[in-house]
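Spelled out from the first residue to the last, the chains are:
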Amino acid sequence: MYFLRREKVSSIIMYFFLGLALVIPIVLVIGLFIKSNGVFDNNSISDLLFSTVWKPYQGKYGFGAFIFNSVLVTMLSALMAVPVCILAAVYLTYYTKSIYLKIFQPIIDILAGIPSIIYGVWGVLIVVPVISKYVAPFFHYESTGYSVFTGGVILAIMIIPFILNILIEIFKSISKELPEASIALGATQWQTIKYVVMRKAFTGIVSSVVFGLSRAFGETIAVLMVVGNVTQLPGNIFQPGYPLPSLIANNFGELMAIPGYESALMFAAVILFFIVMFFNIAARLLITRYENSVLS
Amino acid sequence: MMMYPKISIQNLNLSIRKQPILKDINLDIPPNKITVILGPSGCGKTTLLKCLNRLIDLEENIDINGKIILDGEDILNTRKDLPGIRKKMGLLSQRPYPLPMSIFDNIAYGMRINGLRNKGVIHQKVEHYLKQLSLWDEVKDRLREPASRLSLGQQQRLCLARGLAVEPEIILADEPTSALDPISSMSIEKKFVQLKENYTIILVTHILRQAKRLADYVAFIYLGEVIEFGTADEFFNNPRQDITKEYIRGIFN
Amino acid sequence: MRKKLLRIEEIFFKLLMILSLAIVVLVLSIIVYTIFKKGLPSLSWEMISQTPKGGYYFGKGGGILNAIVGSVYLAFGATLLAIIIGIPVSLLLNIHLKKFKRLVDSIRGFFDLLCGIPSIVYGAFGFTIMIFLGIKASLLAGIITIALLILPIMINAMDAVLKNVPTGLLQASMSLGANKSQTAFIVYLRQCSSAIITAIIISFGRAIGDTAAVLFTTGYTDNIPSSLLQPSATLPLSIFFQLSSPIPEVQNRAYASAAILTIIILIISLISRVLSGKYNKHKIS
């Protein structure tokens, strides 16, 4: 371990890597901005963000529909995932012996580790036909199964382990004397959860939801495989949609064929980047606020 | 000797994860007096309190047997109406734990979960209990503010008021002044002396001087066993056991 | 009466909670079960030992060896690159820079944010790099992109463990005359070795399974790449393309490929669980 003895040398090498790790991402983000510049030739910023006119051959890029679809799918997934996660997290931390949490943790971790493509395959295999044959008709809609709703379902399943882990941490961080104080006053476990624990954890819960949203927004492959990929504003949730990440992934082949397409797709990545960053930063601020309130 | 005891603890044995914590506790708590449970810091005393209001139910890996008789009923071995049993006891912990709500709502909490809806009555009672703890003047203009904004001393008084608001018969206090400054501690101690007229108070402490100041009766618990029990006078002036003598002399930490 | 209502409410929510928990467990079971049920029957030795022959995607013979090997090369290279950068960075944060708390916290926050960037954006990053470096869609481009993707995750995971090493250890080592780098590599790494390996393994799992980031950067080919500058197939993409085929036989092979990927991931999960269990046993604290 000679090189370690020369502290100067080894330290310099280490700092060099730190520099790389810090600088490269920043350079890449800037690079992305630069590459997407071309998209402003024919479009104003409000066109880009809100218009739904998507005519690449004419250089018209209105991302409105895609952004809308992304928002729709993300909201749907949160609607389905968040209640399940809150209920499960409360149950595991307050209603069962601590050993159950230890048993469930591996299940949650395995779910978190399953690659996106596998969720996609499973979605195509099981969820799409189920939606087409049972769920949509139940609500009096016709659907091929490839729809915004399906995207929402798959996404919900994918973000559940993520949100669940955060929620469990949040509930665990509430000192047990607080619910004990409520119980000592004669409240039942459920009253305590309702009026004391939920209040205390509220900021943390919101933060976990926002984290989940940011995760859902950026998820690409699994959604792409089940959402239908039709450029439109879907009339109802059982119709196909086209969220932003799917747009980027799907059209990569066309990149060279249409001039200026490249900058459009890069711009899509920029939009995605900003939205996800925004959610992430918001969630982080919330969780810091929550941690401060718990420590006091 | 004494009148009919308020609480009678009989042959209480408790182990956590097979480790005995409370060994064959037999204790009669007299009504309307301050009974101090004295002893070096350890987990026995708090655990005993938790048995009294069945908070022990929330812990895992507990083996417990024995009886705790309150008003003629064995409250340790029953499964009926636990909230009702707990309402008979007010708990004051080592550190104040204000509920995450306003000052007003903290006091009102116990009443509301029991179904009290009449706003006028609630308001009246909140004022009454805040006054009883001499908090009213300090907080009357900020009743809707979060309770967490109060100082520690105020929070502890708030917790006591909150506990009294459910109209218990017994007050369980677990080292209630250990997190407080001397002035706030004094104020809590004074309250206890006033309160014993109407409540039975069980005070756990490891501060010898506090025990001397407040106790009517003392139970000395060491390593999970009741070493000695008697009136404060007997205990401090004429202790029977050697361990007790050494403890009083301050040889223990 | 009121008590009755309260009781009903309590039981109702309790049922909902149990239902929610059941959903979480069921979902995992159903996914794994379905993939295996559909995929394992179509799994054959041929599949994992041969590359696709002509017309593979239309039903002809061959296997997905190209993708398996490609993914392994990719994940291996990316993880290696991430380790080379990640270990020094996390050590720096916890030892050399330990006294600059604000700086360290900001850097940690920076990497935390990087963790949240979706992999398709990393794919776009990778594309930018490719243009910048003038390389085509290849194993190298994929490795760099995936390394960037997993780097923040690895740093985060390692940092989480290194953070908890008691400062007493640092002081003890320094007072024995070791410099910071020696302390870092010899003492801290040893102390956290299991956890660090766990972090590496988890990152490897992430690298093997990611699709969006390799989409633009690694290309696709039916051959096993013989150099870094050649395009390479990856398991996720292989699954995707097979699934897109109109021929049922090929679709079944897609399921089989999915089963293979799932098995790899499950094994990785298992190994990391076992290792982190070992870590907790020997922790000094």
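Residues numbered from 1 in each chain as written. Chains lettered and ligands numbered in written order. Predicted model: local features only at pLDDT ≥ 70, side-chain atom pairs only at ≥ 80, totals over all residues.

1. Some words on the overall build of chain A
Note the following rule: Helix and strand assignments follow DSSP, with helices taken as H or I runs no shorter than four residues and strands as E runs no shorter than two, numbered in order from the N terminus. Comment: burial labels come from other C-beta atoms within 10 Å of the residue's own C-beta, placed from the backbone, where a count of 20 or more is buried, 12 or fewer is exposed, and between is partly exposed. Here, residue contact means that the backbone-derived C-beta atoms of the two residues sit within 7 Å.
Counting its regular elements, chain A contains twelve helices and two strands. Traced from its N-terminal end to its C-terminal end, chain A shows the element sequence α-α-α-β-β-α-α-α-α-α-α-α-α-α. Referenced to the eigenvectors of the C-alpha coordinate spread, the extents of chain A come out at roughly 75 × 70 × 35 Å. Expressed as a percentage of its 296 residues, the buried residues of chain A come to 51%. By sequence separation, contacts in chain A at least 24 residues apart represent 73% of the contacts at least 6 residues apart.

2. A word on the overall build of chain B
Applicable threshold: Our radius of gyration looks at C-alpha atoms and nothing else; its globule reference is 2.2 Å times the residue count to the power 0.38.
When you go through chain B residue by residue, the secondary structure sums to ten helices and ten strands. Relative to its length of 253 residues, chain B is compact, with a C-alpha radius of gyration of 18 Å against a globular reference of 18 Å. Taken over the C-alpha atoms alone, chain B extends approximately 55 × 40 × 35 Å along its principal axes. Per-residue burial for chain B yields a buried fraction of 43% across its 253 residues. Taking contacts inside chain B between residues at least 6 apart in sequence as the whole, the part at least 24 apart equals 69%.

3. A closer look at the sheet that holds strand β10 (residues 225–231) of chain B
All names here are of chain B. We apply this condition: At least two bridges found by DSSP between two strands are what make those strands a pair. Orientation is described by axes fitted as lines to C-alpha atoms, over the contacting stretch for helices, and by angles from 0 to 180 degrees between their N-to-C directions.
In space, the six strands of this open sheet follow the order β6-β7-β8-β3-β9-β10, with mixed pairing throughout. Strand pairing shows two members of the sheet lacking a second neighbour, β6 (89–92) and β10, which therefore form its edges. Mean inter-strand twist for the sheet, computed between neighbouring axes without regard to direction, equals 15°. Both strand β7 (residues 170–174) and strand β8 (residues 200–205) contribute to a ladder of five bridges, which runs parallel. In the sheet register, I171 faces β8, and the bridge partner there is I201.

4. Some words on the environment of F76 of chain C
Along the polypeptide, F76 of chain C turns up in helix α3 (residues 65–96). Once the C-alpha coordinates of F76 of chain C and S227 of chain C are considered, the two residues, 151 residues apart in sequence, prove to be 14 Å apart.

5. Remarks on the domain arrangement of chain A
Residue and element names in this part refer to chain A. The criterion, for reference: The split of the chain into domains comes from an automatic or database domain assignment. Residues are grouped as follows: Ala, Val, Leu, Ile, Met, Phe, Trp, Tyr, Cys and Pro are nonpolar; Asp, Glu, Lys and Arg are charged; every other residue, Gly included, is polar.
When the domains of chain A are assigned, the result is domain 1 (2–35) and domain 2 (64–295). Put simply, the middle of domain 1 and the middle of domain 2, counted by C-alpha atoms, are 34 Å apart. With four residues of domain 1 in contact, the opposing surface of domain 2 contributes five residues. Looking at side-chain class alone, the side of domain 1 that touches domain 2 contains three nonpolar, no polar and one charged residues.

6. Digging into the interface of chain A and chain C
With 59 residues of chain A at the interface, the matching set in chain C holds 63 residues. Breaking the side of chain A that touches chain C down by element, the ones donating at least two residues are α2 (7–35), α4 (64–95), α5 (98–113), α6 (116–138), α7 (148–172), α9 (189–218), α11 (244–250) and α12 (261–295) of chain A. The leading source of residues in the side of chain A that touches chain C is α2 of chain A, at 16 residues. Here the residues of the side of chain A that touches chain C are counted per class, giving 45 nonpolar, ten polar and four charged.

7. Points about the nonpolar core
Test applied: By definition, a nonpolar core groups buried Ala, Val, Leu, Ile, Met, Phe, Trp, Tyr and Cys residues that are joined through C-beta atoms within 7 Å.
Counting residues in each nonpolar core, the largest one holds 253 residues, and the members touching the most others are C85, A88, V121, I160, I163, L167 and A269 of chain A. Sort the elements by how many residues they give to this core and α7 of chain A lands first, with 18 residues. Non-local contacts of I160 of chain A, meaning those with residues more than four positions away in its chain, are made with A81, V84, C85 and L111 of chain A together with V24 of chain C.

8. What about unusual backbone geometry?
In this model, N32 of chain B sits at a positive phi of 50°, which is unusual for a non-glycine residue. Judged by the 15 C-beta atoms lying within 10 Å of it, N32 of chain B falls in the partly exposed class.

9. Considerations on the packing of helix α5 (residues 119–133) of chain C against helix α6 (residues 139–162) of chain C
Residues and elements named next belong to chain C. So the rule is basically this: Under this scheme an angle from 65 to 115 degrees is roughly perpendicular, one under 35 degrees roughly parallel, and one over 145 degrees roughly antiparallel; angles in between are oblique. In this scheme the crossing of two helices becomes right-handed for a clockwise turn of the near helix relative to the far one and left-handed for an anticlockwise turn of less than a right angle.
At a minimum axis separation of 9 Å, α5 and α6 run at an interaxial angle of 135°. When the interaxial angle is binned, α5 and α6 end up oblique. For the pair α5 and α6, the crossing hand works out as right-handed. Together, S119, Y122, G123, F125, G126, I129 and M130 of α5 and A141, I144, T145, L148 and L149 of α6 make up the contact between the two elements. Residues that form the contact of α5 with α6 fall into these classes: eight nonpolar, four polar and no charged.

10. Side note on the interface of chain A and chain B
Chain A puts 18 residues into the contact, and the matching count from chain B is 21 residues. When residues of the side of chain A that touches chain B are traced back to their parent elements, those giving at least two are α8 (177–184) and α9 of chain A. Sort the elements by how many residues they give to the side of chain A that touches chain B and α8 of chain A lands first, with seven residues.

11. Overview of the environment of I170 of chain A
Residue and element names in this part refer to chain A. Relative to the assigned elements, I170 resides in helix α7. The exposure class assigned to I170 is buried, which follows from the 24 C-beta atoms found within 10 Å. Sequence separation between I170 and A78 is 92 residues, and the spatial gap between their C-alpha atoms is 18 Å. Among residues more than four places away in sequence, those in contact with I170 are A201, G204, I205, S208 and Y290.

12. Remarks on the packing of helix α4 (residues 101–115) of chain C against α6 of chain C
Residue and element names in this part refer to chain C. Running from N to C, α4 and α6 point in directions that differ by 130°, and their axes come no closer than 8 Å. As far as their axial angle goes, α6 and α4 are oblique. At the point where α4 passes α6, the crossing takes the left-handed sense. Residues R108, F111, D112, L114 and C115 of α4 form the contact with α6, whose own contacting residues are P152, I153, I155, N156 and D159.

13. Examining the sheet that holds strand β1 (residues 7–16) of chain B
Residue and element names in this part refer to chain B. The antiparallel open sheet is built from four strands, whose spatial order is β2-β1-β4-β5. Every other strand in the sheet has two partners, leaving β2 (19–29) and β5 (73–74) as the edge strands with one partner each. Sheet topology note: the strand β4 (residues 62–70)/β5 ladder contains two bridges and is antiparallel. By the bridge assignment, I69 is partnered in β5 with D74. In the packing of helix α1 (residues 44–52) onto the sheet, the strands contacted are β1, β2 and β4, and the crossing angle to β2 comes to about 60°.

14. What about the pairing of β2 of chain B?
All names here are of chain B. Pairing analysis gives seven bridges linking β1 to β2, with the strands arranged antiparallel. Bridge pairing in β2 links L14 to L22. Here β1 folds back onto β2 in antiparallel fashion, the turn holding two residues, of which R17 has a positive phi close to 50°.

15. Quick look at the pairing of β4 of chain B
Both β1 of chain B and β4 of chain B contribute to a ladder of eight bridges, which runs antiparallel. Counterpart to I7 of chain B in the pairing with β4 of chain B is L70 of chain B.

16. A short note on the confidence of the model for chain B
Heads up, the condition is: As a per-residue measure, pLDDT tells how confident the predictor is, with possible values from 0 to 100.
Across chain B, pLDDT averages 90, with 97% of residues at or above 70. Two numbers describe this predicted complex: its pTM, 0.90, and its ipTM, 0.91.

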